[in-house]
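Listed below, chain by chain, are the residues.
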Amino acid sequence: MTVYHDELRIALFPVRKYGTGISKVYKKKAVVYGNNVDVYEFQKVKVTFKRERSPIKKRPGEVKTRHEASVRRARTQLRRLTEANVGQWGQFKPIFSTLTQKENVTSLVTSNRRFSKFIKRLSYAIGHDIKYVAVPEFQKRGSVHYHIIFFNFPYMNVHKFEKIWGFGMTNIQVIRKASRTGYYLSKYFTKACKDPKMFQKKAYFSSRGLIRPVDIYGGSEVDEVLKNDTLELKHTSANDKLIFKKYGSRT
């Protein structure tokens, strides 16, 4: 791993108050997911700790700011997790689906229990464990419904699908443009997180065994990933703290 000795000595002096036990030191980071690579080139050395210390006192507005930052991170994680699994589970196209409940079920616990049992019934019906990510959301009337992306869902008659769900109306939609799959759920996730009823609740969940995005730290390590001939630069942006570059498959 690349180590920046002079800058590291400078960086460590003011940041020791934030934690103990250095975990990582880097100026370059990549996140690899599916056919995509997001690269962050930081202006200053970044230091992470095995044990981070939280500030004793929170400044005015800091709780809201932290919540908004947390939502942004989670939304990005959801998008990357989704795109990491598109096309990775056989010759299946990603499927977008919505599950609603005829009854006005306002309990997230009850609804999630119903959803879990539905997933088991669906897996049994198609003959293999279904792979998915899902976002719960409250309708205006208060009832919980679900937005889902399935990664290994074969063709099924919508009436049969609705019968397996068993609690209300459903729809099934093939996502034609796979590169946009991650954004299907992101918009619902952002909307759900603004609902006070979702505060401190799990805003999305996924099946076991999904392929997870991989974080890579260090200049030479990131450069090695970018040697892949199938990648091309899709987008770049910068501010006073970092340069961001997004790579994707060549078109």
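Everything numeric in this text was worked out from a predicted model, so none of it was measured.

Right, let's talk about the environment of Ile-175 for a bit. Within the secondary structure, Ile-175 is located in the loop between strand 6 (170-174) and helix 5 (181-193). The exposure class assigned to Ile-175 is buried, which follows from its relative accessible area of 1%. Placed 79 residues apart in sequence, Ile-175 and Phe-96 show a C-alpha to C-alpha distance of 6.6 Å.

Before going further, it helps to examine a positive patch on the surface. Together, Arg-113, Lys-117, Lys-120 and Arg-121 make up a positively charged patch on the protein surface. Mapped onto the fold, Arg-121 is located in helix 3 (residues 108-126). Overall, the relative accessible area of 34% leaves Arg-121 in the partly exposed class.

So, on to the pattern of salt bridges. As enumerated under the stated definition, the model contains 11 salt bridges in all. Across the pair Asp-195 and Lys-197 runs a salt bridge, and its minimum N-O distance is 3.4 Å. Residue Asp-195 is classed as buried on the basis of its relative accessible area, which comes to 16%. On the basis of relative accessible area, Lys-197 is assigned to the partly exposed category, the value being 44%. Here the salt bridges share partners, and the residues they tie into one network are Lys-28, Glu-41, Asp-223 and Lys-245.

The side chains of a regular strand alternate between the sheet's two faces. Looking at chain direction, strand 9 (residues 231-238) and strand 10 (residues 242-249) are connected through 7 bridges and run antiparallel. Paired with Thr-236 across the strands is Lys-245, a residue of strand 10. Connecting the antiparallel pair strand 9 and strand 10 is a turn made up of 3 residues.

This part is about the nonpolar core. In terms of nonpolar packing, the biggest core is built from 41 residues, with Phe-115, Phe-118, Leu-122, Tyr-132, Phe-150, Phe-153 and Phe-189 touching the most fellow members. Counting only elements with at least two residues in this core, the list comes to helix 2 (62-85), strand 3 (95-99), helix 3, strand 4 (132-138), strand 5 (144-150), helix 4 (158-165) and helix 5. Residue contributions to this core peak at 6 residues, all from helix 3. Apart from the residues within four sequence positions on either side, Phe-115 is in contact with Leu-99, Tyr-132, Ala-134, Tyr-146, Ile-148, Trp-165 and Phe-205. Counting residues in each nonpolar core, the second largest holds 9 residues, with Val-31, Ala-84, Tyr-217 and Leu-242 among its members.

How each quantity is defined
- Residues numbered from 1 in each chain as written.
- Predicted model: local features only at pLDDT ≥ 70, side-chain atom pairs only at ≥ 80, totals over all residues.
- Heavy atoms only, no water.
- Helix = DSSP H or I, 4+ residues; strand = E, 2+ residues; numbered from the N terminus.
- Buried < 20%, exposed > 50% of the residue type's maximum accessible area, 1.4 Å probe, protein only.
- Patch = residues over 30% accessible without salt bridge, like charges linked within 9 Å, V, L, I, M, F, W, Y side chains within 5 Å.
- Areas by Shrake-Rupley, 256 points an atom, 1.4 Å probe, with all protein chains shown as cover.
- Salt bridge = Lys/Arg side-chain N within 4 Å of Asp/Glu carboxyl O.
- Lys, Arg positive; Asp, Glu negative; His and termini not counted.
- Charge placed at Lys NZ, Arg CZ, Asp CG, Glu CD.
- Pairing = 2+ DSSP bridges.
- Core = buried A, V, L, I, M, F, W, Y, C linked by side-chain atoms within 4.5 Å.
- Contact = heavy atoms within 4.5 Å.

Interpretation note: all reported values are geometric properties and have no functional meaning in isolation.
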